[in-house]
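Examining the three-dimensional arrangement
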Amino acid sequence: MLSLGIEGTAHTVGVGVVEDDDGRCRVLAKVSRMYHPVKGGIHPREAANHHAEHLPGLIKKAFEEADVEPGEVEVVAFSQGPGLGPCLRTAATAARALALSLGKPLVGVNHCVAHLEIGRGTTGCGDPVLLYVSGGNTQVIAFANHRYRVFGETLDIGVGNCLDKLGRYMGLSFPSGPAIERLARKGETYVDLPYTIKGMDVAFSGLLTAAQQYYDKGVRIEDVCYSVQETVFAALTEVTERAMAHVGKDEVLLGGGVACNRRLRSMVKTMAEERGASFFVPDDSLCVDNGVMIAWTGLLMHKSGVRMRVEESFVDQRFRTDMVDVRWRR
Ligand code: AMP
Ligand code: MG
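The paragraphs below set out a description of the structure included in this document. (Residues numbered from 1 in each chain as written. Chains lettered and ligands numbered in written order. Predicted model: local features only at pLDDT ≥ 70, side-chain atom pairs only at ≥ 80, totals over all residues. Heavy atoms only, no water.)

1. Examining the coordination of the magnesium ion (ligand 2)
The protein atoms donating to the magnesium ion (ligand 2) are His-111 (NE2), His-115 (NE2), Tyr-132 (OH) and Asp-289 (OD), with metal-donor distances spanning 2.1 to 2.5 Å. Counting the intervening residues between successive donors of the magnesium ion (ligand 2) yields the motif H-x3-H-x16-Y-x156-D. One end of the pair, Tyr-132, is in strand 6 (residues 129-133); the other, Asp-289, is in the loop between helix 9 (284-287) and helix 10 (291-303), with 157 residues separating them in the sequence. A residue is classified by how much of its surface remains accessible, and Asp-289, at 11% relative accessible area, is buried. (Donors = N, O, S within 2.8 Å, 3.2 Å for Na, K, Ca; no water. Helix = DSSP H or I, 4+ residues; strand = E, 2+ residues; numbered from the N terminus. Buried < 20%, exposed > 50% of the residue type's maximum accessible area, 1.4 Å probe, protein only.)

2. A word on the sheet that holds strand 2 (residues 12-21)
Across the sheet, which stays open at both edges, the 5 strands sit in the order 3-2-1-4-5 with mixed pairing between neighbours. Whereas interior strands pair on both sides, the edge strands pair on one side only; in this sheet they are strand 3 (24-34) and strand 5 (106-110). Strand-to-strand, the axes of this sheet are offset by a mean angle of 25 degrees, without reference to chain direction. Bridge analysis of strand 1 (residues 2-7) against strand 4 (residues 75-81) gives 4 bridges, and the strand direction is parallel. Counted as the bridge partner of Leu-4 is Val-76 from strand 4. Running over the sheet, helix 1 (residues 44-66) touches strand 1, strand 2 and strand 3 and is turned about 145 degrees from strand 3. (Pairing = 2+ DSSP bridges. Axes fitted to C-alpha atoms, helices over the stretch in contact; angles between N-to-C directions. Contact = heavy atoms within 4.5 Å.)

3. A look at the packing of helix 4 (residues 159-169) against helix 6 (residues 205-216)
Following both chains from N to C, one finds helix 4 and helix 6 inclined at 20 degrees, their axes separated by 10 Å at the closest point. Between helix 4 and helix 6, the interaxial angle falls into the category roughly parallel. Considering only the axes of helix 4 and helix 6, their crossing is right-handed. For the pair formed by helix 4 and helix 6, the contact residues are Cys-162, Lys-165, Leu-166 and Tyr-169 on the first element and Leu-207, Leu-208, Ala-211, Gln-212, Tyr-215 and Asp-216 on the second. In terms of residue class, the contact of helix 4 with helix 6 is built from 7 nonpolar, 1 polar and 2 charged. (Parallel < 35°, antiparallel > 145°, perpendicular 65-115°, else oblique. Left-handed = near helix turned anticlockwise from the far one by under 90°. Nonpolar A, V, L, I, M, F, W, Y, C, P; charged D, E, K, R; others polar.)

Here it is as structure tokens:
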């Protein structure tokens with residue numbers, strides 16, 4: 001079965017084409033464009049305009065890269081939420097138009113669930129605890145009682161957002177995660193930062209303010225980055241470990257753009273090894289937002305019998321992970 005997916009929840013617009021290879025995801029096409037704000041953070045309407053401008057070309061390019069005719073696609077999937085309203089509506093409109101013109105079924109996909117499914121589909125893990133760390137989202141997710149349940153999450157800002165805000169404050173370009181990772185490697189001195197864990201949840205805004213104050217006081221940028229990474233990633237690793245212990249799972253999966261970070265990977269991997277668990281992370285290009293994960297999750301949903309009329313395909317900015325009926329894992 002062939003599926004095309006359109007991602008457009010925030011800064012990235014992407015199109016993916018995938019094929020079901022005996023339960024594994026075979027990627028046939030993966031194309032994307034990222035919106036870079038000229039100044040400040042993401043402006044939702046500007047990002048949506050960017051997506052609208054690039055989607056026709058990206059869809060065409062995806063068909064070419066996959067070397068398939070549009071009519072061969074059996075389902076058209078799109079990111080239904082959570083995300084920024086104008087961006088979600090733009091991706092959904094493109095998906096509806098494509099599905100209607102091809103006469104193919106349409107399916108709306110939860111973005112967070114897609115980060116988990118692409119890990120299962122490409123890395124070989126079966127029933128992991130997912131540490132989903134991206135710009136807007138930070139959640140610890142695991143399958144329990146027919147649904148993907150959120151065991152812990154950020155109480156304020158997403159971890160990527162924390163890094164991007166700090167980066168912007170210190171004059172780094174957007175997104176700042178990769179630059180912070182490079183600078184952190186040259187860090188030598190750890191400065192104390194708030195380490196906020198409440199039960200299974202985390203919070204980063206206090207740490208962000210404290211890091212900005214260190215920077216203002218002249219602490220080396222390398223040491224600020226190093227200290228922020230060590231603190232934030234330790235907190236994320238701690239809640240992930242607690243979730244694994246609670247739900248009794250012996251696989252851990254990373255997803256989201258921050259999962260590209262090698263220091264975070266090594267901390268979570270060490271934690272997994274120490275408890276005799278297995279560690280999985282998808283390819284970098286599948287950690288960041290992408291159309292492939294939407295195509296793959298849409299394919300799983302369609303195969304399990306999920307059907308959605310165009311009239312029912314509203315986007316949902318606050319689409320929660322645990323609202324999805326995970327029929328494909330019955
Ligand atoms: P996403 O929203 O899943 O596409 O992820 C985007 C976020 O990932 C942005 O906040 C980036 O700053 C962050 N990011 C990307 N690469 C890295 C990295 N190597 N280290 C830390 N954060 C990263
Ligand atoms: Mg994401």
